[in-house]
Amino acid sequence: MREISPAVNYSVEEFFEQLSLSDRKPITKIREEKRKGLRPLPSEKLIDSSTVLNSDFRRALLNKVAMYVDENLAGRSEMCIQFASLLSLSLRSLGIQSREAFGKSYYYQNGKEVFVWEHAWVRIGKEVIDGNVDILYENPMFPSSIVVSPYWGVINQVPNDRKLVENKSKIYPEDEDVKNIWWPELQQWLINNT
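None of these values were measured; they are calculated from a predicted model. (Residues numbered from 1 in each chain as written. Predicted model: local features only at pLDDT ≥ 70, side-chain atom pairs only at ≥ 80, totals over all residues. Heavy atoms only, no water.)

**Q** Is there a simple way to explain the overall build of the chain in this structure?
**A** From N to C terminus, the chain includes 5 helices and 6 strands. Counted from the first residue to the last, the chain has its helices and strands arranged as α-α-β-α-α-β-β-β-β-β-α. Since a compact globule built from 194 residues should have a radius of gyration of about 16 Å, the 16 Å found for the chain is in line with a globular shape. Dimensions along the principal axes, computed over C-alpha positions, put the chain at roughly 45 × 45 × 35 Å. Counting across all 194 residues of the chain, residues that qualify as buried make up 49%. Considering only intrachain contacts with a sequence separation of at least 6, the fraction spanning at least 24 residues in the chain is 64%. If the 25 positive side-chain charges of the chain are averaged to one point and the 27 negative ones to another, these points end up 4 Å apart. (Helix = DSSP H or I, 4+ residues; strand = E, 2+ residues; numbered from the N terminus. Rg over C-alpha atoms; globule rule 2.2 N^0.38 Å. Buried < 20%, exposed > 50% of the residue type's maximum accessible area, 1.4 Å probe, protein only. Contact = heavy atoms within 4.5 Å. Lys, Arg positive; Asp, Glu negative; His and termini not counted. Charge placed at Lys NZ, Arg CZ, Asp CG, Glu CD.)

**Q** Help me understand the pattern of salt bridges, please; the structure alone is not making it clear to me.
**A** Two side chains with opposite charge may pair up if their charged atoms get near one another. Evaluated as defined, the whole model comprises 19 salt bridges. Between glutamate 185 and arginine 2 there is a salt bridge, with its nearest N and O atoms 2.8 Å apart. On the criterion of sequence distance, the pair formed by glutamate 185 in helix H5 (residues 176–193) and arginine 2 in the segment before helix H1 (12–18) is long-range, its members being 183 residues apart. By relative accessible area, which is 33% here, glutamate 185 ends up partly exposed. Of the charged contacts, one joins arginine 58 and aspartate 48 as a salt bridge, the two residues approaching to 3.0 Å between their closest N and O atoms. Of the two residues, arginine 58 is situated in helix H3 (residues 55–69) and aspartate 48 in strand E1 (residues 47–48); the sequence distance between them amounts to 10 residues. (Salt bridge = Lys/Arg side-chain N within 4 Å of Asp/Glu carboxyl O.)

Written out as structure tokens, the structure reads:
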């Protein structure tokens, strides 16, 4: 099981040792799920109405991207930028014009806004892929009462439990883990599976 530290200047174990006992508890649970192969995958709850590729391949691709970014010690709940970057790279390598989108995501319960945060997703023409949201409950900042399913479909049909507001001036530097670790492996998976 490969693990990547959330902090640039700390190894996985150095980062883990710096945490309080209460902060180690969710990471220990995530590690145990990884060892047992029981981590949640986006396809399990995906709302899919896309016409890009085919349904089985869409689900397999989302799961593969999720598995890579889940190598972060703390799981993938804070890995939306990396998820979007890796997924968009994959789609472009398949000849599909896609791009990462960055901005704010607003979450609603019973029609009332309950949470807002910085988020990343992928755009393909009129479609959007909001694929890394099924595990947001693992993030201690995210309200545990909100359950959000991944979505891949037309942007104007995004489920009413969220609103994605893009900030087109927002740009993130290329992520080293995406570029140097995950993309070369995922690229080979794509070659073998298309």
